Amino acid sequence: MYETLALYIDGEFVSGEGRKTEEVTNPSTLDVLGHLPHANKADLDRALAAAARAFQTWRHSSPMQRSEILRKVGQLSRDRAQEIGRNMTLDQGKPLAESVGEIMTCSDHADWHAEECRRIYGRIITPRSPEIRQMVLREPIGVCAAFTPWNFPYNQAIRKVCAAIGAGCTIILKGPEDSPSAVMAIARLFHDAGLPPGVLNIVWGVPSEVSDYLIRSPIVRKVSFTGSVPVGKHIASLAGAHMKRVTMELGGHSPVIVFEDADIDRAAKQLARFKVRNAGQVCISPTRFYVHDNVYDQFLETFVNTLKTVKVGDGLDPETQMGPLAHARRVPTMTKFLDNARERGGKIVLGGEPIAGKGHFFSPTVVTDLPEDSMLMTEEPFGPIAPISRFSDTDDVIRRANSLPFGLASYVFTNSLQTATKASNNIEAGMVNINHFGSALPETPFGGVKDSGIGSEGGLETFDGYLVTKFVTHI
Ligand code: NAD
């Protein structure tokens with residue numbers, strides 16, 4: 001049994017009634033899993049009206065009430081992790097253990113927002129004369145519109161929903177049409193946890209049409225998007241034209257720097273396993289590898305040998321370590337990157353081809369000897385391809401790490417405190433991971449700089465994008 005697909009508007013699950021639908025398929029087997037209803041204009045208007053009406057009450061709800069609902073969501077999410085995870089593997093492709101792991105981490109996100117929303121404080125500013133009182137209030141911004149992608153369908157949606165609802169906002173979320181079950185599950189969790197109607201609404205449709213309609217609506221006060229840089233720039237411009245606050249979690253091109261004093265064997269093995277997580281469809285995936293000349297051969301050999309052992313297959317098979325690409329359009333994209341790599345003189349050391357047979361499978365791939373301006377070294381592949389190059393000078397490799405317009409995650413492997421400090425001080429990125437992969441916990445801020453985005457999700461910063469500051473003074 002797969003998830004029942006519907007819109008969720010004003011506390012009701014709705015489908016059918018002549019709405020257009022879209023097929024949802026399993027990327028491993030190409031089986032049709034279900035039909036996703038698209039919201040028509042009347043549905044979007046109803047969602048906007050419900051969110052606006054619900055905001056009038058929800059904005060005054062006590063943080064204790066919000067916290068209690070978020071706590072219940074965290075518990076229900078844990079209780080249902082196997083079922084939600086299985087559905088996510090069916091429509092997204094990732095191995096079941098990764099899906100269930102995503103649900104469990106996100107249950108912690110709900111708990112963490114439940115705790116932190118009780119600590120949204122204002123402040124008193126000492127006045128210039130004693131009869132005056134000056135207060136700073138932090139109020140929910142209003143109705144939010146959020147757009148989330150297909151690579152971590154549960155994680156990216158629940159973070160936005162918990163932050164908006166915890167701050168006292170209401171939200172209309174358009175999830176990923178390719179992999180919708182996780183967002184459907186989120187609607188059911190909040191519904192079953194007793195969230196009042198209209199506070200959360202879920203819609204589906206043609207992404208550009210839905211986002212255009214919602215962002216232009218005067219009801220929407222804030223826009224949050226996770227996805228690619230070009231789409232993010234388009235959405236941010238539209239939001240800017242209507243003076244709406246944005247949070248943008250966009251693509252990256254994470255540099256990995258392996259210094260000669262690192263534990264090379266450990267770094268190569270861990271990086272190879274992390275590279276194929278979610279088939280490389282991760283915005284913080286290690287992307288460009290710079291390995292010190294003196295340890296390059298050792299690193300490359302261990303990295304390639306580790307990747308050779310990765311079992312690629314249907315995510316429901318417990319042996320599988322890497323699933324398919326999430327949808328058909330990703331396969332020609334990978335091929336395009338590799339055609340360019342070949343043309344530019346790159347050496348394909350491992351893989352390089354789609355895997356024959358049913359499903360959108362692509363082999364883990366390693367490319368070396370690429371020029372700095374080749375496609376793989378400058379554009380986000382968002383797949384299981386690792387370009388590896390050499391360096392010999394620390395300042396020069398930091399310059400190369402900073403040479404692209406992106407700045408999301410970065411990875412440094414070294415056993416020198418001085419090198420680690422120099423790298424973390426100088427790399428232009430929202431996140432610097434030294435000797436491990438520590439990003440994306442509920443209690444730590446997640447976000448990028450430069451073209452990789454605006455604002456943070458998680459951490460103490462999580463509510464910032466959903467609150468406005470009001471200054472009140474009286475005499
Ligand atoms: P895409 O750029 O077409 O879409 C990316 C996401 O944005 C999808 O979920 C899509 O439904 C949504 N989208 C597209 N146009 C939209 C619009 N006008 N309004 C609202 N939503 C819109 O690319 P794709 O083939 O789906 O994904 C590949 C690229 O997306 C990758 O290269 C990667 O850079 C990026 N991506 C990034 C993340 C991330 O976590 N930052 C997640 C998924 C995809």
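Residues numbered from 1 in each chain as written. Predicted model: local features only at pLDDT ≥ 70, side-chain atom pairs only at ≥ 80, totals over all residues. Heavy atoms only, no water.

## A look at the pairing of strand β10 (residues 220-226)
- With six of seven residues buried, β10 lies mostly within the body of the structure.
- Sheet analysis places strand β7 (residues 143-147) next to β10, joined by five bridges and oriented parallel. Among the inter-strand pairings, C144 is bridged to a residue of β10, identified as K222.
- Bridge analysis of β10 against strand β11 (residues 245-249) gives five bridges, and the strand direction is parallel. Bridged to T226 within β11 is E249.
- After leaving β10, the chain enters helix α8 (residues 229-241) and then returns to the sheet as β11, a path that is right-handed. (Buried < 20%, exposed > 50% of the residue type's maximum accessible area, 1.4 Å probe, protein only. Helix = DSSP H or I, 4+ residues; strand = E, 2+ residues; numbered from the N terminus. Pairing = 2+ DSSP bridges. Right-handed = clockwise from strand over helix to strand, strands pointing away.)

## Some details on the domain arrangement of the protein
- When the domains of the protein are assigned, the result is domain 1 (7-250 + 451-474) and domain 2 (254-441).
- Computed from C-alpha atoms alone, the centre-to-centre distance between domain 1 and domain 2 is 31 Å.
- Across the boundary between the two partners, domain 1 contributes 23 residues, which contact 29 residues of domain 2.
- Roughly 2200 Å² of surface becomes buried between domain 1 and domain 2 when both sides are summed, with 57% attributable to carbon and sulfur atoms. (Domains from an automatic or database assignment. Contact = heavy atoms within 4.5 Å. Buried area = accessible area lost by both parts, 1.4 Å probe.)

## Some words on unusual backbone geometry
- If you check the backbone angles, N278 has positive phi at about 50° while not being a glycine.
- Looking at the element boundaries, N278 is found in the loop between α9 (264-275) and β13 (286-292).
- Note on N278: relative accessible area 2%, which makes it buried.
- Residue K450 is not a glycine yet carries a positive backbone phi of 55°.
- Counting through the fold element by element, K450 comes out in the loop between β18 (431-434) and β19 (453-454).
- On the accessibility criterion, K450 (36% relative accessible area) is partly exposed.

## Here we look at the UniProt feature "domain: Aldehyde dehydrogenase" (unreviewed entry) in the protein
- As annotated by UniProt and renumbered to match this structure, "domain: Aldehyde dehydrogenase" (unreviewed entry) occupies residues 13-472.
- Helix makes up 39% of residues 13-472 and strand makes up 20%, while its end C-alpha atoms are separated by 41 Å. (UniProt positions renumbered as here; feature names shortened; annotations may be inferred.)

## Comments concerning the site of the ligand
- W150, S211, S228, R329 and E380 are the nearest of the 22 residues found near the ligand.
- In the model, an oxygen atom of the ligand is placed 2.9 Å from a nitrogen or oxygen of the W150 side chain.
- Contact distances for the ligand include 2.7 Å between a nitrogen atom and a side-chain N or O atom of S211.
- A total of 800 Å² of accessible area belongs to the ligand in isolation, and the protein chains cover 85% of it.
- When atoms are counted within 2 Å of each cavity's grid points, the one that captures over half of the ligand is the largest pocket. (Near = heavy atom within 4 Å. Polar contact = N/O pair within 3.5 Å; in protein donor to acceptor, adjacent residues only side chain to side chain. Areas by Shrake-Rupley, 256 points an atom, 1.4 Å probe, with all protein chains shown as cover. 1 Å grid on protein atoms, 1.4 Å probe; cavity = no way out; pocket = protein on both sides within 12 Å on 5 of 7 lines; lining within 4 Å. Sits in = over half its atoms within 2 Å of the grid points.)

## Points about the pattern of salt bridges
- Under the defined criterion, the tally for this structure stands at 34 salt bridges.
- Measuring nitrogen to oxygen at the nearest pair gives 2.7 Å for the salt bridge that ties D43 to R19. Note that D43 is positioned in helix α1 (residues 41-58) and R19 in the loop between β2 (12-14) and β3 (21-25), a separation of 24 residues in sequence.
- In this structure, D464 engages R138 in a salt bridge whose closest nitrogen and oxygen atoms are separated by 3.1 Å. Placement of D464 in the loop between β19 and β20 (467-474) and of R138 in strand β6 (residues 133-140) is noted, with a sequence separation of 326 residues between them.
- Relative accessible area serves as the criterion here: at 38%, D464 is assigned to the partly exposed category. (Salt bridge = Lys/Arg side-chain N within 4 Å of Asp/Glu carboxyl O.)

## Considering the pairing of β3
- The pairing of β3 with strand β4 (residues 32-37) spans five bridges and is classified as antiparallel. Bridging from a neighbouring strand, T25 pairs with V32 of β4.
- Where β3 folds back on β4, the antiparallel hairpin that results is connected by six residues, among which L30 adopts a positive phi of roughly 65°.

## Digging into helix α7 (residues 207-216)
- Residues of α7 that are buried include every one of V210, S211, L214 and I215, and no others. Viewed end-on, α7 has its buried residues packed into an arc of 115°, placing them on one side of the element.
- Buried residues along α7 sit against α1, β7, β8 (170-174), β9 (200-203), β10 and α8. (Arc of directions from axis to C-beta.)

## Looking at empty space enclosed by the protein
- Summed over the entire model, instances satisfying the criterion amount to two cavities of 30 Å³ or more.
- Here the largest cavity defines a volume of roughly 50 Å³.
- Lining of the largest cavity is provided by H253, S254, P255, R288, A401, F406, G407, L408, A409, I427, E428 and A429.
- When grouped by side-chain class, the residues that make up the lining of the largest cavity number seven nonpolar, three polar and two charged.
- Roughly 30 Å³ of internal volume is contained in the second largest cavity. (Points joined across faces, edges and corners; volume = space filled by probe spheres on them. Nonpolar A, V, L, I, M, F, W, Y, C, P; charged D, E, K, R; others polar.)

## Quick word on the sheet that holds β20
- Pairing is antiparallel in the open sheet, where three strands are placed in the order β5-β6-β20. Two strands in the sheet have a free side with no partner beyond their single neighbour: β5 (123-124) and β20.
- Bridging between β6 and β20 involves eight bridges; their strand directions are antiparallel. Opposite M135, over in β20, you have V472 as the bridge partner.

## Some points on the packing of aromatic side chains
- This model, assessed by the stated rule, comprises 10 aromatic pairs.
- Ring geometry for F289 versus F303: centroids 5.1 Å apart, planes at 65°, classification edge-to-face. Taken together, the positions of F289 in strand β13 and F303 in helix α10 (residues 296-308) put the pair 14 residues apart, joining distant regions of the chain.
- In this structure F289 comes out as buried when scored by relative accessible area, which is 0%.
- Classification of F303 by relative accessible area gives buried; the value is 0%.
- Here the aromatic rings of F413 and F437 are separated by 6.1 Å at their centres, their planes lie at 55°, and the arrangement is tilted. Of the two residues, F413 sits in strand β17 (residues 409-413) while F437 sits in the loop between β18 and β19, which places them 24 residues apart along the sequence.
- A relative accessible area of 1% means that F413 is categorised as buried.
- Owing to a relative accessible area of 23%, F437 belongs among the partly exposed residues under this scheme.
- Within the aromatic cluster, the residues linked to one another by ring pairs are F274, Y411, F413 and F437.
- When the ring centre of F13 is taken as origin, the NZ or CZ atom of R188, which lies over that ring, is 4.6 Å away.
- The ring centre of Y466 lies 4.4 Å from the NZ or CZ of K222, which sits over that ring. (Phe/Tyr/Trp six-rings, centres within 6.5 Å; stacked < 30°, edge-to-face > 60°. Lys NZ or Arg CZ within 6 Å of the ring centre and 35° of its normal.)

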